[in-house]
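# Geometric and topological summary
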Amino acid sequence: MEDVKKRAAIVDTTVDLKHALEDVKGSIVIIGPHLQKDPYKVCQDLSLNYPASAILLVLNKQDIDYKKAMFSGALDILDIECEESELIESVQKAEEIVKLKVEGNLDLNDEGKKAKVVTVCSTKGGVGKTTISVNIAAALNKKNLKVAVLDLDLQFGDVSLLFDQQPSLTIYDWVKQSYENGDKSFKRYMTKHSSGVEILAAPTLPEFAEMITGEHIAYLIEAMKKEYDIIIIDTPPSFVETSLVALENSDDILLIVSMDLPALKNGKLAVETLNLLELKDKIKIILNRDTASDGITKEVVEEVLAMKIKGTIPSDYPTVISSVNRGTPFVTMAPRTPVAKSLMKISEQLVTAVPLESEKVEVKKNRRSLFKKKK
């Protein structure tokens, strides 16, 4: 990737493009608006056959379909009339993802890989924990990573609802039918969303939660780590046995707080509890609904929690509630909104250990010159 700008090339046909991709381990592919074939079908074909590549779609405004782009495996989709800075930003993000795939711990060709486990938690309901979990999963899935979501809010989990799914099998069924019968295989109990994200749903009835123990969760996480690149675990607004096991087996813990006193009080208790469990180093504080609040600022939040804020999410009730009601993550439904961009940024931080801000890509000032128009 260090010499990406030295090896840049323009090709006329998909055949020529595939020949070019055969010679390199990881590539950034930009598909322009003058392709004679369906750009989404071409993108899907390339995503499946060249998983170490990152694909950007740059199309005419009337041809942009964000849902098709997500399903086709595109990293990003831009209007041909976009600002040059937007294109540069997308190419830089693509560099990070390709480098991660080729060299990092999430290399798609690494048979010995183990997924990164990220648990999203809070000790107060209503702070947006599940919405954040679902959108992080959708955001990471857009990067061609194999993503699973484990819903450990075992009494009242809503992960499936936010993905507009009605699973016929849940984690309760896995425990009763597979784990207790000795097979322990979990794959057929996963619900696959059309985007590619796979969900292990919470039980359909609250009383079934009592049948699921920490032992089940410890086994399940280890088994799932062999199948996925990223596992996102949503938890209830309390520390119970199953969620504590998830926290102990996590690489990162996203502690969600907001700018109100009850959330800060509970957030402080959560930090102190996790510190006692020697898990404080895994915590990343995420401030949700970041908006002006009387008497409470980001500095106050950091002072109360005695920890730095690692990510902020702006308040955008219309976008978020529309996303929830439609059952479509807002990073897919409204990717250009500030709230979606903030979740994308947080997602990138989860899979990129060191920001690559020093690695710049030279892009010609005339952005149309990147695409050779067919005669």
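Residues numbered from 1 in each chain as written. Predicted model: local features only at pLDDT ≥ 70, side-chain atom pairs only at ≥ 80, totals over all residues. Heavy atoms only, no water.

### Side note on the overall build of the protein chain
The secondary structure content of the protein chain amounts to 14 helices and 11 strands. Once local pairs closer than 6 in sequence are excluded, the contacts in the protein chain between residues at least 24 apart make up 75%. Just so you have it, the protein chain exposes about 18200 Å², and 49% of that area is on carbon and sulfur atoms. (Helix = DSSP H or I, 4+ residues; strand = E, 2+ residues; numbered from the N terminus. Contact = heavy atoms within 4.5 Å. Areas by Shrake-Rupley, 256 points an atom, 1.4 Å probe, with all protein chains shown as cover.)

### Points about the confidence of the model for the protein chain
For the protein chain, the mean per-residue pLDDT works out to 83, and 86% of the residues sit at or above 70. Counting contacts from residues 1–6, a segment whose pLDDT is below 50, to residues more than four positions away or on other chains yields 11 contacts. Scored below 50 in pLDDT, residues 104–111 makes 17 contacts in the model with residues more than four places away or belonging to other chains. (pLDDT = per-residue confidence, 0-100.)

### Let's talk about the side chain of T170
Looking at the secondary structure, you find T170 in the loop between α6 (159–162) and α7 (171–179). Of the residues examined, T170 reaches a relative accessible area of 3% and is grouped as buried. (Buried < 20%, exposed > 50% of the residue type's maximum accessible area, 1.4 Å probe, protein only.)

### Here we look at the sheet that holds strand β1 (residues 28–31)
Here we have 3 strands laid out as an open sheet, ordered β1-β2-β3, and parallel in their pairing. Across the chains shown, the open sheet's two edge strands, defined by having one partner strand only, are β1 and β3 (76–79). On average, each strand axis in the sheet is inclined to that of its neighbour by 20 degrees, with strand direction left out of account. With 4 bridges connecting them, strand β2 (residues 54–59) and β3 associate as parallel partners. Bridged to L57 within β3 is I77. Across the sheet, helix α2 (residues 39–49) touches β1, β2 and β3, and the angle it forms with β2 is around 175 degrees. (Pairing = 2+ DSSP bridges. Axes fitted to C-alpha atoms, helices over the stretch in contact; angles between N-to-C directions.)

### Focus on the packing of helix α10 (residues 261–276) against helix α11 (residues 298–305)
Running from amino to carboxyl end, α10 crosses α11 at an angle of 40 degrees, the nearest separation of the two axes being 9 Å. The pairing of α10 with α11 is recorded here as oblique in orientation. Considering how the two elements wind past one another, α10 and α11 form a crossing that is right-handed. Touching L264, G267, K268 and V271 of α10 are V301, V304 and L305, all from α11. Of the residues in the contact of α10 with α11, the class split is 5 nonpolar, 1 polar and 1 charged. (Parallel < 35°, antiparallel > 145°, perpendicular 65-115°, else oblique. Left-handed = near helix turned anticlockwise from the far one by under 90°. Nonpolar A, V, L, I, M, F, W, Y, C, P; charged D, E, K, R; others polar.)

### So, the pairing of β1
Taking every second residue as pointing to the same face, the buried face of β1 carries V29 and I31, while none of I28 and I30 on the other face is buried. The sheet contact formed by β1 and β2 spans 4 bridges and is parallel. By the bridge assignment for β2, I31 is matched with L57. As a crossover connection, the stretch from β1 through α2 into β2 is right-handed. (Right-handed = clockwise from strand over helix to strand, strands pointing away.)

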